[in-house]
Structure formats: C-alpha cells, structure tokens
Amino acid sequence: MATFLYKLGRLAFRRRHFVALIWVALLTLAGVGAASAPAAGNTSFSIPGTEAQKAFDLLEQRFPGTTADGATARVVFKAPSGEKMTDKENKKAVHAAVEELKSGSEVSSVADPYATHAVSKNSTVAYASVRYKVSGMELEDSTKDALKEAAQHARGAGLTVEIGGDALTATPETGSSEVIGIAVAAVVLVITFGSLLAAGFPLLTAIIGVGIGVSTITALASTLDLGSTTSTLASMIGLAVGIDYALFIVSRYRAELAEGRAREDAAGRAVGTAGSAVVFAGLTVVIALVGLSVVNIPMLTKMGVAAAGTVAIAVLIALTLIPALLGYAGRKVKPAGEKSKLLGGGRGPKQAGRPNMGTRWASFVVRRPVAVLLLGVIGLGAAAIPAASLELGLPDDGSQPTSTTQRRAYDLLSEGFGPGFNGPLMIVVDAKDSAHPKAAFTKVGDEIKGLKDVVTVTPAAANKAGDTATITVIPDSKPSSATTEDLVHAIRDKGADITAKTDAKVLVTGSTAMNIDFSQKLNDALLPYLALVVGLAFLLLIVVFRSILVPLKAALGFLLSVTAALGAVVAVFQWGWLSGLMNVEQTGPIMSMMPIFMVGVVFGLAMDYEVFLVTRMREAYVHGETPGQAVVTGFKYSARVVTAAAVIMMAVFSGFIGSSESMIKMIGFGLAIAVFFDAFIVRMAIVPAVLALLGKKAWWLPKWLDRALPNVDVEGEGLRAGDEPRVKDGDEDEDRELVGV
C-alpha cells in the first residue's frame, strides 16, 4: 500500500492543476445540486419491529387519512389570577383566537376547547388543538406568523398564551461557538507548523471536504428523507477528521524535507507513510459509522452512512489535494523545525540538543510504566462512575429551555391537566379476528382503568369497518418518567390476557410509547454493535500492526475512554454539574441514541490516534530499535502532531455545544470530552506504559497468522529500496519542476 500511495502522492504533486480542477468541479457540482434540490420535508421517524411502530402502521391501514404527517399545535390559554377560562370575556377571547386560526390556508382543523371539553377541572387552563395539512418543516412563514399573531391577540385580552407542538419547529442553530472552534483550530495549526500557509492547507481542504459532503446530503435530503441533524453531524465529524488527516500528511511532508529530500519525493513519501495511516484510520471511522445500520433504525443508519461518506471524502482529499497544494506552495512550506519569516524571522531548524517534550514524556513513562498506568486507569475509572446511573430517554417539549414558548405550554398543560397529559398513550385494539369487537373494545378500556398510574381512559373510537378502535390513556406521571414506562409494560402484559380471552390484539403506541421502544431497541443493539465494530476494527489493526496485543490494548483503552466520557455526559446533562457553563437549562434523561452513537464515533476517532502514534513506534521497531526506544521514537516524531490533532478535534466538537438542538449540544460535549480522555490519557499515557511493560511481546504474532495476513506495509519499508538521492533546497531542477504541471 505504501508504494501505491507514494506513487499517488507524487502524481498529485506533479499534476496539481488537474487534481485541483477535479476537486473544484466536485465542489461546484455538489453546490449546484444542493441549491437546485427541493426543500427537505419533515424527517419520518420509524422503528421497525417494535410494537409502537406496528400499531402506527395498523392505524394507517384501518384509519386512512387520520395519521397524516401534518404539523400540530396546541395553543394553551391560562386565565388571569382570580379569573376562570369559563368567564364570558375570556371565552370571547378564545373564540376570537379560534376563528382567527381557522382562516389559514394550510390549516386542516381547529378544535374549540369548549366544544371538546379541553378545559381543566379548576377552569384556569384551556387549549385549542390545531392541525395543518403539511409538516412543520414545510409550513409557510406566513402560517407560523399567523399562529403567533393569534396568540398575541389573545394575550392582548389579558390571557397567558403559549404554543406547543411541532408547528413552530425551527432549524437548529449552532451559534458563534462553532466559528470559535474553527478559529482555535487555526491557531493550533499555526503554532504547530510555524507557517500561515502550511496551517491553512488542513483548514482549506477540510472545508472543501465538508462542503462537498454537506452539499451532497442537502441535494439528496428530499429524496432520501434526510433531516437537518444528519448534515450537522456529518459536518462536525468531517471537519474534525479532515483537519487531522491533512495535518498528519503535511507534518510528515515537512519531516521528509528536513531529511533533505526533494519536494516531490517528500510529498510521495508523506502520502506513502502518513497516508497509509490515514487510510486505515479512516477505515475504522467508516466501519464504526456504517455499523450503526445494525441497529435497524433508519434515521440512525442514514446519519451514520452520511457521516461515513464525509469521512471517506476527507481521506481522499488528504491523499490527493494536500500533495497538490504542497506542489503549488513550493518553498513556502518549510522543513520541520524552520519558521516562516512572518512568524519566526525565517530561522532555521534548532540544533540537536535538548530532547523535545514528546521524547522527555515518553522516556518518563518508559521508566515509570506501572505508576502512569495505575494513575490513568484510576482517573478514568473515577470519571466513569456517573455512567452507572445513566437514564435514557428522548427529548420532548419538557426538555426545552424555559425561555421557549413550547416549554411554557408544556408546563401550563401539566399545571392544568396533570404531568401525564403531555404524553398520552394511544391504545390500538385490533378486533378483526374477534367474534364480538364492541365487547372487546369495552373489555380493554375496563381492564386499563384498573391499572396504577392511570388518570383518564377515553371511550373507544372505532373505525368505519368496526374492527379496530383507538383508546387514549392519560398517565399520572410525566412522559419521560420510569413510572410511565412501567405503565406501558403493564398495559402490554394485560393485553396478552385480553387477546387470549377475546382474540383481539392490544397494541400501545403514541410518542411516549415510541420513545420507550426506541430506547429499548438501542439498549438491545448496543452489545451486538460493540462486538461487530470492535471485532472488525480489531482484525483491521492486526493487519496494520501485525500484532495481537497492540489491537487488544487499543480496544480496552477505548472502552475506558468511552465509559469515562459517558460518565461526564451524565454528570453534566443528567446531574446538572457545570450545566450553567454548558448552557444546559434543563437536565434530564440522556438521549437514547447517545451511548451507541458515542461508541461508534469515539471508537473510530480513538483508533485514529492509535494508528498515527503506534505506527511510528512500529516503524522504529521494525527498523531495529528496542521496544523501549521505539516508544520514545514514536513520541519524538508524533506526540506534537497528535496533541495538535486532539486539540483541534476538541475545539471543533466543542463548537457544537452552542447549538440550540439538545442532541447536537450533548453529542458535541460528549465527543470533545471523549477525545480529551482518549488522546491525552489513554493514547499518551496508558498506551506507552502498556507497551513498555510488554516489551517485545507487544509485537508478537503467530507465524502461521503472519504468513496468512497480507503485507500492507504501513511503515513504508518498501520505499527504502527505492530511495532517491537527496537534494538541497537550492536544487535548480526542483525550481523548474515547481512551475510545471
């Protein structure tokens, strides 16, 4: 592989105009596609194989048209202190608001609270349900403005009015912190390279890669039913790995120049060695992201595949566009150790003398491996403790900031009708095979009334055929509580008995039941997913490192870092530690998909640092150094770059903490803290300590397996046979080459 990539790097360096033209054309094509594509609708949410989804599908068959994917709104009214919603003036204001809402062209229906008995027992709170013909993402701005104006007119009459539901759904905003994250990445790159030009290459190529990826996602969003979260996550991961992959190749290029190689040869060798590590690191990330499809949740599969596509683009750009840009830059990119005139006065490389920080740290770890290992493991173990109290759920309006009208509407409904009113359960009774459908409907309602935590059970509403009915159940507890989850399971257990007696099937659905089933499906899939992803990556790393213990150590280190990261997420978003600093207004259950998504993404990113750092150690070891010396050599050449890459990735992920979308905020924080734990504690401390303790055993591989495995030559051993003569910076042939194609 190293030889092939070496030739690819030299070709891209020589044919830089052609390579640059291809990437510009791809970016333009993706941009045109995104600009001309139809707007994406509201992303459909389905959980194949769950009871809630089966009930939802049955409703679409038996009640055609009633489950259309139209937006909904609940306009909640509260009477002034000392008054009631049944007072004449208050009723007049509500009726006026209802009539005003009915006039909208996209409005399907508006339910008068006084006609539908949607007034609380103490008559202080009432609500009007509004249904629309299109989804929340497709609503015209004028329709949303009309909804807000109707509420404002009712407020003018003295009522407190708030709006819940998905009619006011807005595209998530990431805030200015995302720009700050990129700015921090730029500063780190400048410090690392000592050159504005060299620092600009990773940023430029990462932005081009993300631009192509996100534009492609946007162009296909309507066709493939992709939501806004998909493109946000793809940009988050694509930007981070894009900068890192380019950083490693540019760093290796400068190191090759420092050894006196011609620029074209240095570009080829950088792609042949560091590029090999980029390919395998990218493969682990892609495996982890595409592996999300085993969960069998379409939304999660699309997110994973879209992000994996962006990572693949980042790898291709690093292997081709980076050497092309280095060809354009010529002598403006200095050898390692030299500074540009602007930043360092054009001073040359430092003379050999005091070892760099990476060398000193690795030497310390090799001398004290047991102490470093114990300190790292105990520290991560302490950070992981909160993960033991992890509670999973999906966000609803109750998890929104208190500054939003959706959250205030949620609170008003809880105040007037009880906390369970915000998460009603829909019971679907399929009596098609029952001899007495009406009796079965009545039986189901009576049985549910006798269960704990049930406040209200509405009469069964049958379809035209009379073979299917829906029953609404209002729990006594809020939607995200364990008590409500227990009630769902109790109804399903009771349904099994009813089926045996009446031949009628009882299914529980609704948003609350869907959330419960979603969380359960993710929990059930976590271990199989972990086994699949870690297993495939383990085999891949055996090929890369030609070792059994090194990949095993990499996987165990990942488990430490991801568990510690989950503990930090629980501490902030569930327990509320540092919630003010993170702008977390509402604590609660952790997003159901958070653990499995973090496992996938963090594993891929963790293997990035493992591959980049340990490949250098492996390279030194196969070239004759002792195991201890190889660890120090690996840190000598890679520690600075891996540190810079980790800081950049943390900065990029931290930028998404400012998002208005709770899921994006949580994932941004989780990934940033996971990179910190994995890069600085696992890879920089635990890994060298373990390798120092293992010695030569770390690189042991059974002879039969060594013969069976393909030789991918990540270390670039094959390039040494074809060593070209080294040249000085003033080589005239090189000057002439720089102006050619």
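Summarised in this report is the structure supplied together with it. (Residues numbered from 1 in each chain as written. Predicted model: local features only at pLDDT ≥ 70, side-chain atom pairs only at ≥ 80, totals over all residues. Heavy atoms only, no water.)

What follows covers the overall build of the protein. When you go through the protein residue by residue, the secondary structure sums to 24 helices and eleven strands. Put simply, the protein has 741 residues, and 54% of those count as buried. For the protein, restricting intrachain contacts to residue pairs at least 6 apart in sequence, the fraction spanning at least 24 positions comes to 80%. Total accessible area computed for the protein in this model is approximately 31,400 Å², and 60% of it derives from carbon and sulfur atoms. (Helix = DSSP H or I, 4+ residues; strand = E, 2+ residues; numbered from the N terminus. Buried < 20%, exposed > 50% of the residue type's maximum accessible area, 1.4 Å probe, protein only. Contact = heavy atoms within 4.5 Å. Areas by Shrake-Rupley, 256 points an atom, 1.4 Å probe, with all protein chains shown as cover.)

For the rest of this paragraph, the subject is the environment of Arg-62. Tracing the backbone shows Arg-62 in helix 3 (residues 51–62). For Arg-62, a relative accessible area of 17% corresponds to the buried category. For Arg-62, the residues in contact, after removing those within four places along its chain, are Asp-430, Lys-432, Asn-463, Asp-467 and Thr-468. Reaching out from Arg-62, the side chain makes a polar contact with the side chain of Asp-430 at a distance of 2.9 Å. (Polar contact = N/O pair within 3.5 Å; in protein donor to acceptor, adjacent residues only side chain to side chain.)

With a phi close to 65 degrees, Asp-503 is a non-glycine residue in the positive phi region. Considering the arrangement of structural elements, one finds Asp-503 in the loop between helix 16 (482–502) and strand 10 (505–509). Judged by its relative accessible area of 46%, Asp-503 falls in the partly exposed class. The phi dihedral of Arg-546 falls on the positive side, at around 50 degrees, and the residue is not glycine. For Arg-546, a relative accessible area of 11% translates into the label buried.

Here helix 5 (residues 141–156) contains 16 residues, and its C-alpha end-to-end distance of 22 Å stays within 8% of the 22 Å for a straight helix at 1.5 Å per residue. Along helix 5, the positions that sit buried rather than exposed are Thr-143, Lys-144, Leu-147, Ala-150, Ala-151 and Ala-154. Buried residues along helix 5 cover an arc of 120 degrees about the axis, so they all sit on one side. Opposite the packed face of helix 5, turned more than 90 degrees from it, sit the exposed residues Asp-141, Ser-142 and Gly-156. Gly-158 occupies a position one or two residues after helix 5 and carries a positive phi of about 100 degrees. (Expected span 1.5 Å × (residues − 1). Arc of directions from axis to C-beta.)

Keep in mind these numbers describe shape, not what the thing actually does.
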